[in-house]
Amino acid sequence: MGIDPGLAHTGWGVIEQRGPRLACVAYGCVATPASQPLAERLMKIHHQIGAVVERFRPECVGIETVWFGQNVTAAFATGQARGAALVACAEGGLAVGEYTPRQIKLAVVGEGSAEKEQVQYMVRHLLSLDRIPEPDHAADALAAAICYTTHENGRFA
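All figures in this text were calculated on a predicted structure; none of them were measured in a lab. (Residues numbered from 1 in each chain as written. Predicted model: local features only at pLDDT ≥ 70, side-chain atom pairs only at ≥ 80, totals over all residues. Heavy atoms only, no water.)

A. Just the pairing of strand S2 (residues 9–18), in detail. Where burial is concerned, most of S2 is hidden: seven out of the ten residues are buried. Bridging between strand S1 (residues 2–4) and S2 involves three bridges; their strand directions are antiparallel. Looking across to S2, one finds that Gly2 is bridged to Gly13. Counted along the chain from S1 to the antiparallel partner S2, the turn is four residues long. The sheet contact formed by S2 and strand S3 (residues 21–31) spans ten bridges and is antiparallel. Within S3, the position partnered with Glu16 by the bridge is Ala23. As consecutive antiparallel partners, S2 and S3 are separated by two residues, and within that stretch Gly19 has a phi angle of approximately 60°, a positive value. (Buried < 20%, exposed > 50% of the residue type's maximum accessible area, 1.4 Å probe, protein only. Helix = DSSP H or I, 4+ residues; strand = E, 2+ residues; numbered from the N terminus. Pairing = 2+ DSSP bridges.)

Here it is in structure tokens:
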């Protein structure tokens, strides 16, 4: 499984690995409105990621680390969403791999400074999908799952 955390949108993706082949099982996005109180938004992320874990029973999860950049407020919000998702994964007993955006891009595209469109293209190609997964948060989550398979000796993601 892979997670692209965000308070407004937390992407998730479940992939399966059989030998060298990867396949997409499912993907989606948890959306929370800014008008909702913070605690309720975090609870929704926790519950919905927990439901994904319960439904698909992944063994492990690759999750993107928080990138601070220039917007510290957004980074804190992302960190809170990340925490809510990680608790849901811990409750499901998943092994966790944490990766920087650069590590994920490097694993999926072969270039740590790849553009978002390049990552989306490669996710589509590596998972043999008919189209690029939407929303982009789901594609990023699938990329995190792919990254886990390259860093953790090819275990299921």
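B. Here's a closer look at the sheet that holds S3. Across the sheet, which stays open at both edges, the five strands sit in the order S3-S2-S1-S4-S5 with mixed pairing between neighbours. Each end of this open sheet is capped by a strand with a single partner; those strands are S3 and strand S5 (95–99). For this sheet, the mean inter-axis angle between neighbouring strands, taken without regard to orientation, is 20°. Of the strands in this sheet, strand S4 (60–64) and S5 are in contact with helix H3 (residues 101–109), which crosses S5 at around 95°. (Axes fitted to C-alpha atoms, helices over the stretch in contact; angles between N-to-C directions. Contact = heavy atoms within 4.5 Å.)

C. Spotlight on helix H4 (residues 116–126). All of the buried residues in H4 are Val119, Gln120, Met122 and Val123. Summarising the axial view, the buried residues of H4 lie within an arc of 165°, below the 170-degree limit, and thus occupy one face. The exposed residues of H4 that point more than 90 degrees off its buried face are Glu117 and His125. Each element contacted by the buried residues of H4 is listed here: H3 and helix H5 (136–151). Just past H4, the residue Ser128 takes up positive phi, approximately 50°. (Arc of directions from axis to C-beta.)

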